[in-house]
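The primary structure of each chain is shown beneath.
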Amino acid sequence: MTAPVSRRQLLGYGLGAAVMASIAGCASPGSTAVNAAPTIPPAGGKVTLTYWSWLKNLQKVADIWNAKNPNVQVETVWIPASNDGGYQKLFSALAAHSGPDLAQIEMRKLPAFILVNGLVDLSRYGADDHAGRYDPTLWNQVSYNGGVFGIPQDSGPVGFFYQDELLEQVGAEPPETWDDWAALAGELRRAKAYLDCFPLSDPSIFTAYATQSGATWLKTHDDGWSIDMTGDATMRVARFFDNAIKKDLVTTAYEPFSPAWFSAAANGKLASITSASWADALIKGVSGAKGKWRVADMPRWGNAGYGSTYMGGSTAAVLANSQHPHEALQFATWMTTSQEGINTLIEHCGIGWSPCPDIIGESRKGPSEFFSGQSYNEEVFAPAVKQQNPDWTWGPLTQQTFNILSDQFRKQASGGTLVDAVARAEGEIMTAFRQKGLSIRKADHS
Amino acid sequence: MTKHLKYTPWVLMAPFLALFLLTFILPILAAVGSSFTKVRREGLFGEEGIVSEFAWFENYAQALADGGFIASIGRMVLFGLVQVPVMMLLATVLAILLESASARWPGFFRAAYFLPYGIPGVIATILWSFLYVPGLSPIIDAAAVVGIELNFLGPSTVLWSIANIVTWTYTGYNMMIIIAQLKSIPGELYEAARVDGASGWQVAWKIQLPLIRPALVLTTVFSIIGTMQLFAEPQVLSTSSTAIDSQYTPNLSAYTTAFAYNAYNAAAAQAVLIALAAFILSFAFLRLTNRKSV
């Protein structure tokens, strides 16, 4: 006689099976390869797309599209910005095999979504036909493995914002090179002001400078990733700011656009900031700043590197579980390359620099009353877009890379150097790649 | 009839058990399973294949080799060693004072001390940050007038600024548990003590303290576990203090690993280690107090 299975045993088996099932479900995130499945044909009837984004009032832009396209209605849903909760929501939705058709994802975060098979390769839906209308540098940053994983939505070409009066006090013009910048910073220190701050806790700014200097930290190869954070281009920037911090030419006491920064800028203790085009809106928040600020080209690294660089920038990406990638792509390209799309994105959402070099947006043309009558967008940022490092590639671990860098940078405060910090960070980043199951090697210097 | 009765408790408990299994036991087992798994990817993003494999203790080794994670546990041990005794002392003193015969308006004060517990940790931290952030804080301004430069958010002080918020929130809660135990002390004991000529101090020291020991042990264990799980306060305060990094507390570290880096397996290993640490510390404390009572 076989022993009957007791209730307890049965419960145990059931529990075990449930555990195994749930573990199997969690174990391999992103194992459903959306880009290996057949493409989804355009829908026959009316479809409704959802777009998760942290842009305020985005629905007003979508409504303009909706009025003209009765068969493709777009509903926008606000999510918290980037790492403040938005990405967490998106990753959770993807893990649950759901989520919106479209989502706002920063350029630098796209590869992390590709890593979980979360994005539709839009080249399979004809995205390449639109490539010519976008800034080639940005298009390169959404292209991986021959695919296109997001439609550039905005970016942040960098310029030099400065307070005219403070520079005039020491009889200076905006610096053309970083060496001029250091000399000017010295002059201003004698006048008890700083030229700029250098945030140890936000390495995205250091990264932007290194990019300008000609660095391309990550490259893709057939056998995986290669990394080069200790090449001349990066070391030039690290040595420069090591020196600037040591000589007290920059302050590390606060970050750009923190309360302390605003107070220093308003009190004439901070003369300039090298930042992206979207900083104009933030500088307008400095009390009594109207008519005091101007914008010039970013200082250059002598004859090396590029004229400008980029900070920030995001895409409209189509998520893996979208049933209407074709329609989502149509909306995304309309929004980012049409005159009315760009104009209304600027008007309602205060979006960054247009990804479409031919259309900078009506409200960004002509002289600005705030910036002393200067047509700064046309004078500085439109040309800056054409002088950016075209080779830069974001890796799948940007957030971790930045955290590793800032942890290392903080040691600057206790006597470390940026040069050492970057070198140590490179090793830690390689370890992090391997812990993700990815292959990475040190780039060979030729 | 008897058979019927035999199943009744199970039927009545079924809704609870189902939810308990589904939302508590299963996630724990899934986390433990996940902590022994790793993923290997072929190609730049795994487009040429993703393999999940049994990792033995690799994720645990990774967590234990992570200086930031170990430092966060050390930081919480230091926090617990200082904050928990201070809070327990405060809660005990307040409870005994409110239960003493000479207390005025004990009901009002009991409610007042308990009130902070009703305020969620996130809100409490935002409220307190108005007293911590330079430029907003009247305390910092007032100290500056008399020439003292205060920095509540610096690398060496921010931990104690968090301890202050936690103490403010939970002292009243612990006080309530102790008061409940004080109320269960039979009146005859007090009468007997008075007849024997015991002073107020002696009553507190010789009668009340020994009899509220179980409540003290219980609340201390809760506090130790709570310390290991500190999350909301440093998370919210990190927006005003650069001294709080992404691995400031063990839970913040696991959160960052899971939701900023998407490394769920490594985060699961960290979570299991946090649970183990809380278990060991609570158990050590219980052993310590049991030995004393023998």
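Remember, it's a predicted structure, so these values are computed and weren't measured experimentally.

1. Some thoughts on the overall build of chain A
Move 1: Across its full length, chain A carries 16 helices and 12 strands.
Move 2: A compact globule built from 446 residues should have a C-alpha radius of gyration of about 22 Å, and chain A, at 24 Å, falls within 12% of that.
Move 3: With the C-alpha coordinates of chain A rotated into their principal frame, the extents come out at 100 × 55 × 45 Å.
Move 4: Taking all 446 residues of chain A together, 47% fall into the buried category.
Move 5: Here the analysis covers contacts within chain A between residues at least 6 apart in sequence; of these, 77% occur between residues at least 24 apart.

2. Points about the overall build of chain B
Move 1: When its secondary structure is counted, chain B shows 13 helices and two strands.
Move 2: Of all 294 residues assigned to chain B, the portion counted as buried reaches 34%.
Move 3: Considering only contacts within chain B whose residues lie at least 6 apart along the sequence, 68% involve residues at least 24 apart.

3. Observations concerning the pairing of strand β1 (residues 37-41) of chain B
All names here are of chain B.
Move 1: Across the five residues of β1, four count as buried, placing the element largely inside the fold.
Move 2: As defined by bridge partners, β1 adjoins strand β2 (residues 50-54) across five bridges and the pair is classed as antiparallel. Among the inter-strand pairings, T37 is bridged to a residue of β2, identified as F54.

4. Structural notes on the interface of chain B and chain A
Move 1: Contact residues are listed per partner, giving 29 residues for chain B and 35 residues for chain A.
Move 2: Those elements that provide at least two residues to the side of chain B that touches chain A are α1 (2-35), β1, β2, α12 (250-260) and α13 (264-293) of chain B.
Move 3: Tallied by class, the residues present in the side of chain B that touches chain A amount to 13 nonpolar, 11 polar and five charged.

5. Thoughts on the domain arrangement of chain A
All names here are of chain A.
Move 1: Partitioning chain A into domains gives domain 1 (43-155 + 312-375) and domain 2 (156-310 + 389-442).
Move 2: The straight-line distance from the C-alpha centre of domain 1 to that of domain 2 is 27 Å.
Move 3: Contacts between domain 1 and domain 2 engage 24 residues on the former and 22 residues on the latter.
Move 4: Those elements that place two or more of their residues in the side of domain 1 that touches domain 2 are α4 (110-115), α5 (136-141) and β11 (310-318).
Move 5: Considering only residue class, the side of domain 1 that touches domain 2 consists of 11 nonpolar, 11 polar and two charged.

6. Some words on the environment of A:S275
Residues and elements named next belong to chain A.
Move 1: Counting through the fold element by element, S275 comes out in strand β9 (residues 272-276).
Move 2: What makes S275 buried here is the crowd of 24 C-beta atoms within 10 Å.
Move 3: Distance in space between the C-alpha atoms of S275 and L438 is 33 Å, their sequence separation being 163 residues.
Move 4: In contact with S275, other than residues within four places in its own chain, are V158, F161, P256 and M311.

7. Considerations on the packing of helix α3 (residues 67-99) of chain B against helix α10 (residues 213-228) of chain B
Residue and element names in this part refer to chain B.
Move 1: It is at 10 Å that the axes of α3 and α10 come closest, and there the two elements cross at 145 degrees. Note that α3 runs across α10; the crossing there is right-handed. Residues M76, F79, G80, Q83, V84, M87, M88 and T92 of α3 lie in contact with α10, whose contacting residues are L216, T219, T220, S223, I224, T227 and M228.
Move 2: Classifying every residue of the contact of α3 with α10 gives eight nonpolar, seven polar and no charged.

8. A few points about the confidence of the model for chain B
All names here are of chain B.
Move 1: Taken over all residues, the pLDDT of chain B has a mean of 90, while the share at 70 or more is 98%.
Move 2: The least confident element of chain B is β2, whose mean pLDDT is 86; the most confident is helix α7 (residues 158-183), at 94.
Move 3: Listed scores for the predicted complex are pTM 0.82 and ipTM 0.71.

9. So, the sheet that holds strand β8 (residues 224-227) of chain A
Each strand in a sheet pairs with another by means of backbone hydrogen bonds, the pair being arranged parallel or else antiparallel.
Residue and element names in this part refer to chain A.
Move 1: Read from one edge to the other, the open sheet built from three strands follows the order β7-β8-β12, with strand pairing classed as mixed. The two strands at the open ends of the sheet, each matched to only one other strand, are β7 (218-221) and β12 (440-442). Adjacent strand axes in the sheet meet at a mean angle of 30 degrees when their direction is disregarded.
Move 2: In the sheet, β7 pairs with β8 via four bridges, with the strands oriented antiparallel. Within β8, the residue paired with K219 across the bridge is S226.

10. Focus on the pairing of β8(A)
All names here are of chain A.
Move 1: Remark: two residues form the turn of the hairpin made by β7 and β8, two consecutive strands paired antiparallel.
Move 2: Alignment of β8 against β12, held across three bridges, turns out to be parallel. The residue of β12 that forms the bridge with W225 is I440.

11. Description of the confidence of the model for chain A
Move 1: Counting all residues, the mean pLDDT for chain A is 90, and 92% of those residues have values of 70 or more.
Move 2: Overall, residues 17-31 of chain A carries pLDDT values under 50, and its contacts beyond four positions in sequence, including any with other chains, amount to 28 contacts.

12. Things to note about the environment of A:R300
Residues and elements named next belong to chain A.
Move 1: Tracing the chain through its elements places R300 in the loop between β10 (293-297) and β11.
Move 2: On the neighbour-count criterion, R300 (21 C-beta atoms within 10 Å) is buried.
Move 3: Sequence-wise, R300 and E176 are 124 residues apart; in three dimensions their C-alpha atoms are separated by 6.2 Å.
Move 4: Among all residues touching R300, those that are not within four sequence positions of it are E176, T177, G305 and G307.

13. Let's talk about unusual backbone geometry
Move 1: For A:D248, which is not glycine, the phi dihedral falls at a positive 60 degrees.
Move 2: Here A:D248 lies in the loop between α9 (232-246) and α10 (259-266).
Move 3: The class for A:D248 is exposed, based on 12 C-beta atoms found within 10 Å.
Move 4: You will see that B:N262, though not glycine, has its phi angle at about 55 degrees, which is positive.

14. What to know about the environment of B:S184
Move 1: The residue B:S184 is located in the loop between α7 and α8 (187-195) in this model.
Move 2: Sequence-wise, B:S184 and B:R194 are 10 residues apart; in three dimensions their C-alpha atoms are separated by 18 Å.

Criteria and cut-off values
- Residues numbered from 1 in each chain as written.
- Chains lettered and ligands numbered in written order.
- Predicted model: local features only at pLDDT ≥ 70, side-chain atom pairs only at ≥ 80, totals over all residues.
- Helix = DSSP H or I, 4+ residues; strand = E, 2+ residues; numbered from the N terminus.
- Rg over C-alpha atoms; globule rule 2.2 N^0.38 Å.
- Buried ≥ 20, exposed ≤ 12 C-beta atoms within 10 Å, placed from the backbone.
- Contact = placed C-beta atoms within 7 Å.
- Pairing = 2+ DSSP bridges.
- Nonpolar A, V, L, I, M, F, W, Y, C, P; charged D, E, K, R; others polar.
- Domains from an automatic or database assignment.
- Axes fitted to C-alpha atoms, helices over the stretch in contact; angles between N-to-C directions.
- Left-handed = near helix turned anticlockwise from the far one by under 90°.
- pLDDT = per-residue confidence, 0-100.

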